[in-house]
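Survey of secondary and tertiary structure
Chain residues, written in single-letter form:
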Amino acid sequence: MAILAISRQMSAVNENLIKKIAEILGYKYIDRKMIRERMEKNGYPSEKFNKYDEVKPSFFSFFSKDRENYVNYLKEAICCECINNDMKCVFAGRAAFHILKDIPSCVSVRLVANGWTRLNRAKEEFGLDSKGAKKKLLRSEIDKFGYYKMYFKLKLSDTSIFDLVLDTTNMTEDEIIKAIINCLKSKVNEADEEISREKVNSQRLGYLIVTLLFNAYDVNVSNLTAEVTGKTVTLNGITDTSGTIEYIKKILSCEMPAYEIVSNISAVQDSMSPSRR
């Protein structure tokens, strides 16, 4: 039982190769379409998906509550797929490698190739001429760089964030598949299984809490997160006043009476008032 989270440069490998890995392992292959369907099933507005999913965000979206809502629904959807498929998943993109980085049984892989190789593969994969393929590859790089930097504060060029980085330029499909499966088998053991399930369930509950506060109660908190450890919920974020913090704590005390609610949310206006200088 393991989770394989694959990130790739466009045309570093064909998507069918990732599907083949899932088939060999007997795991569920989860791509963009399935994540979108899961997000919509969980309540995310379908018309907003394309605006935020792996595209370079606009300057104004940085300050948008919709951006945070998208990320939270994305995280919840990924956790849902792990739970629903008994932690036997192969994710293609969607930042799954980062979202699941604290899950012991998750193995993250980055697939890259040199520019010339990717250009030729893109021409074949998408039926484009050289100019069209170059344009598509460049657009993908720009979108992903902005997406990961703004939403997750990551640089995909940082190899330390992955368990395995493969340059597929001179590798055959069989060699790529073998390297990935060997990495998976070497890094995952049975002792991690129950811990991984518990962590994924706790993460999902935290995302559900944020979704509840944003969408059912319209709370005004930036960078809101909820970390669940046992029967304790710890909240983090930034808001205007301490009144908002008390409002949130009352909501969760009613919604989750069996849990202790701890707030580390900062109240900006209160901290700047004359009496507290």
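The structure under discussion appears in the preceding block.
1. Considering helix 2 (residues 32–41)
- Among the residues making up helix 2, those that are buried are Ile-35, Arg-38 and Met-39. Buried residues in helix 2, looked at end-on, bunch into an arc of 100 degrees, giving them a common side. What points out from helix 2, more than 90 degrees from its buried face, is the exposed set Lys-33 and Lys-41.
- Looking at the packing, one finds that the buried side of helix 2 touches strand 2 (28–30), helix 3 (49–52), helix 4 (65–84) and strand 3 (89–92).
- Where helix 2 begins, one side-chain oxygen reaches toward the backbone nitrogen of Lys-33, 3.3 Å away; that side chain belongs to Asp-31.
- Positioned one or two residues after helix 2, Gly-43 has a phi angle of 115 degrees, which is positive.

2. A look at the state of the cysteines
- Throughout the structure, instances matching the rule amount to zero disulfides.
- For Cys-82, which is in no disulfide, the shortest distance to another cysteine sulfur is to Cys-89 and amounts to 4.6 Å.
- Relative accessible area serves as the criterion here: at 0%, Cys-82 is assigned to the buried category.

3. Thoughts on the layout of surface pockets
- The volume enclosed by the largest pocket comes to roughly 1100 Å³.
- Considering the residues around the largest pocket, the lining is formed by 37 residues, among which Lys-75, Tyr-207, Asn-223, Leu-224 and Thr-225 are closest to the centre.
- Listing elements by their share of the lining of the largest pocket, those giving two or more residues are helix 4, helix 5 (96–99), helix 7 (130–152), helix 9 (191–215) and strand 6 (221–229).
- The biggest single contributor to the lining of the largest pocket is strand 6, with nine residues.

4. Some points on the sheet that holds strand 3
- Pairing within the open sheet is parallel, and its five strands lie in the order 2-3-1-4-5. Two strands lie at the open edges of the sheet, namely strand 2 and strand 5 (164–167), each paired on one side alone. The mean inter-strand angle of the sheet, taken between neighbouring strand axes irrespective of direction, is 20 degrees.
- Here strand 1 (residues 3–8) pairs with strand 4 (residues 106–112) via six bridges, running parallel. Each bridged residue has a counterpart across the sheet, and for Ser-7 the counterpart in strand 4 is Arg-110.
- Taken strand by strand, helix 4 contacts strand 1, strand 2 and strand 3, and its axis lies near 155 degrees from that of strand 3.
- Relative to the sheet, helix 8 (residues 173–187) contacts strand 1, strand 4 and strand 5, its axis offset from that of strand 5 by approximately 170 degrees.

Quick notes on the rules
Residues numbered from 1 in each chain as written. Predicted model: local features only at pLDDT ≥ 70, side-chain atom pairs only at ≥ 80, totals over all residues. Heavy atoms only, no water. Buried < 20%, exposed > 50% of the residue type's maximum accessible area, 1.4 Å probe, protein only. Helix = DSSP H or I, 4+ residues; strand = E, 2+ residues; numbered from the N terminus. Arc of directions from axis to C-beta. Contact = heavy atoms within 4.5 Å. Polar contact = N/O pair within 3.5 Å; in protein donor to acceptor, adjacent residues only side chain to side chain. Disulfide = S-S within 2.5 Å. 1 Å grid on protein atoms, 1.4 Å probe; cavity = no way out; pocket = protein on both sides within 12 Å on 5 of 7 lines; lining within 4 Å. Points joined across faces, edges and corners; volume = space filled by probe spheres on them. Pairing = 2+ DSSP bridges. Axes fitted to C-alpha atoms, helices over the stretch in contact; angles between N-to-C directions.

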